[in-house]
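The primary structure of each chain is shown beneath.
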Amino acid sequence: MMLPPSQQRALLLLLSALLVSHVSCLGEKPSEKKPVKPLAAPLPAPPPVIEIVHTDVPGQEEQLETVSPPPVFFATENSSVVTAQTGSTALVPCIVKNIGDGVISWIRRKDYHLLTVGLTTYSSDERYQAVHAQHSEDWTLQVKFVQERDAGLYECQVSSHPPTSIFIDLRVVEAKAEIVGPAEKFLKMGSTLKLSCVLRQSTEPFLYVFWYHNNRMINYDADRGVNVSADESRTSSTLVISSAQRTDSGNYSCVPNNAQPASTYVHVLNAGENPAAMQTGGRGLSWLRSPSLWLLAGCVALTLSAGRGGAVDEASRSRRRRRVNSL
Ligand SMILES: *[C@@H]1O[C@H](CO)[C@@H](O)[C@H](O)[C@H]1NC(C)=O
Ligand SMILES: *[C@@H]1O[C@H](CO)[C@@H](O)[C@H](O)[C@H]1NC(C)=O
Ligand SMILES: *[C@@H]1O[C@H](CO)[C@@H](O)[C@H](O)[C@H]1NC(C)=O
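One numbering rule holds for all chains: residues counted from 1, following each sequence as written. To read the labels, note that chains go from A and ligands from 1, taken in the order they are written. A pLDDT threshold of at least 70 governs which residues receive local features in this predicted model, and a stricter bar of 80 or more applies before side-chain atom pairs are shown or counted, although totals over entire chains, interfaces and linings include all residues.

Looking at an unreviewed UniProt entry, the protein chain carries the name Ig-like domain-containing protein, with the source organism given as Cloeon dipterum.

(A) Region of interest: the overall build of the protein chain. Each helix corresponds to a stretch of at least 4 residues labelled H or I by DSSP, and each strand to a stretch of at least 2 residues labelled E; elements are numbered beginning at the N terminus. A tally of helices and strands in the protein chain yields 4 helices and 20 strands. Distance between backbone-placed C-beta atoms decides contact: two residues are in contact if it is within 7 Å. Put simply, of all contacts in the protein chain between residues at least 6 apart along the chain, 60% involve residues at least 24 apart.

(B) Broad picture of the site of ligand 1. Around ligand 1, the structure places Phe74, Asn78, Ser79, Thr164, Ser165, Ile166 and Phe167. The dominant element in the shell around ligand 1, judged by the number of residues it contributes, is strand β11 (residues 164-173), at 4 residues. Just so you know the grouping, Ala, Val, Leu, Ile, Met, Phe, Trp, Tyr, Cys and Pro go in nonpolar, Asp, Glu, Lys and Arg go in charged, and all remaining residues, Gly too, go in polar. Residue composition of the shell around ligand 1, by class: 3 nonpolar, 4 polar and no charged. We count a residue as near a molecule or strand when its backbone-placed C-beta atom lies within 6 Å of that partner.

(C) Up close: the sheet that holds strand β7 (residues 120-121). Think of it this way: DSSP has to see at least two bridges between two strands before they count as a pair. Spatially, β2-β11-β10-β5-β6-β7 is the arrangement adopted by the 6 strands of the open sheet, whose pairing is mixed. The sheet is open, and its two borders are formed by β2 (81-85) and β7, each paired with just one other strand. Looking at chain direction, β2 and β11 are connected through 5 bridges and run parallel. Bridge pairing in β11 links Ala84 to Val172.

(D) Region of the structure containing the pairing of strand β10 (residues 152-158). Across 5 bridges, the pairing between strand β5 (residues 104-108) and β10 is antiparallel. Directly across from Trp106, in β10, lies its bridge partner Cys156. With 7 bridges connecting them, β10 and β11 associate as antiparallel partners. By the bridge assignment, Cys156 is partnered in β11 with Ile166. Following β10, the chain reverses through 5 residues before pairing antiparallel with β11.

(E) Up close: the environment of Ser79. Tracing the backbone through its elements, the reader meets Ser79 in the loop between β1 (73-74) and β2. Between the C-alpha atoms of Ser79 and Glu155, which are 76 residues apart in sequence, the distance is 9.6 Å. Contacts of Ser79, omitting those with residues within four sequence positions, involve Phe167 and Asp169.

(F) Structural detail: the sheet that holds strand β16 (residues 216-217). Pairing within the open sheet is mixed, and its 5 strands lie in the order β13-β20-β19-β15-β16. A strand with exactly one partner marks an edge of an open sheet, and here the two such strands are β13 (184-188) and β16. Here β13 runs beside strand β20 (residues 262-269); their pairing, made up of 5 bridges, is parallel. Across the sheet, Phe186 pairs through a bridge with His267, a residue of β20.

(G) Quick look at the nonpolar core. Connectivity within a nonpolar core runs through C-beta atoms within 7 Å, and the core itself is a set of buried Ala, Val, Leu, Ile, Met, Phe, Trp, Tyr and Cys residues. To sort residues by burial, count the other C-beta atoms lying within 10 Å of each one's C-beta; a count of 20 or more means buried, 12 or fewer means exposed, and anything in between means partly exposed. C-beta atoms are built from the backbone. Ranked by size, the top nonpolar core spans 22 residues in total, and within it Leu141 and Cys156 carry the most contacts. Elements with a minimum of two residues in this core: β3 (90-92), β5, β8 (128-131), β9 (140-143), β10 and β11. Sorting elements by how many residues they give to this core places β11 first, with 4 residues. When residues no more than four places from it in sequence are discounted, the contact partners of Cys156 are Cys94, Ile104, Trp106, Trp139, Ser165, Ile166 and Ile168.

Below is the structure:
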């Protein structure tokens, strides 16, 4: 196909113009660079990654390969101790930074039992579970209904090269209830009976506390003037009987859902009785249970028999003396 000379010229001009513009694109002219606005604040550096780029520039590949990922490390202190009360859910912590593709395993050191790998529980004991939210660095081991036999070292291992571990010591305690004050309490009829029950060695609050008078649960005996309340932290419970009667005497027990119970003996005394005299009266009941008093009684009996023994000796001696005299 042939073009008329005028059109040929126009095409030539167009081609040369394109060529010139292309060349000018290749040849950098600093004056034409757009000024780069300085950033108000520096952007955080992107996380370094291993990237092998195939390039013709010698040495370039080597330089990129030396960019290594940040090292794996534990944010949980090695040899930490966690305490849990029996029956509670223990949380054994393990926070791992820069885990990358690594996998966390939990191992019970006592018997090298593999408990969990990643989010999978390997143990047949379903009380064990790794608790981990997606993208979090937290790989806490959860142990439900902790028993005394669960106490010991737990290893949190990262499958890095070489694998690295921390060891957490789980201690199991038995929570106990305690009724504040002496084991026996005395109060006048018509006065307010107030008993406070406190949890000791507990690592979690109670769900409920039942109060017993002898063998009867009295939490809901509002018609008898009974009021049971818990403090905000749910580690202490208070029993109040607004106007105590003689019949309110007896054995009171505080039974939390998650701790050993406690009891105390309450003596409600008649209005006319002198509290001091009643206290002695009360002790009159309980002294029989007191080992020190039994010991004292035993000592008195021994002393008496020893004295009698001495008297016998004295009598036989004088008899002998008399016999000697008669000779
Ligand atoms: C944690 O301590 C144990 C020894 O008690 C040690 O073998 C282990 O390497 C320590 N782990 C780390 C990450 O330092
Ligand atoms: C029981 O005692 C608590 C705390 O003193 C009080 O807030 C509550 O109103 C009482 N309940 C009744 C039914 O008297
Ligand atoms: C009070 O009751 C509790 C629970 O029934 C019991 O263990 C305790 O021995 C009793 N105490 C007395 C002094 O009777």
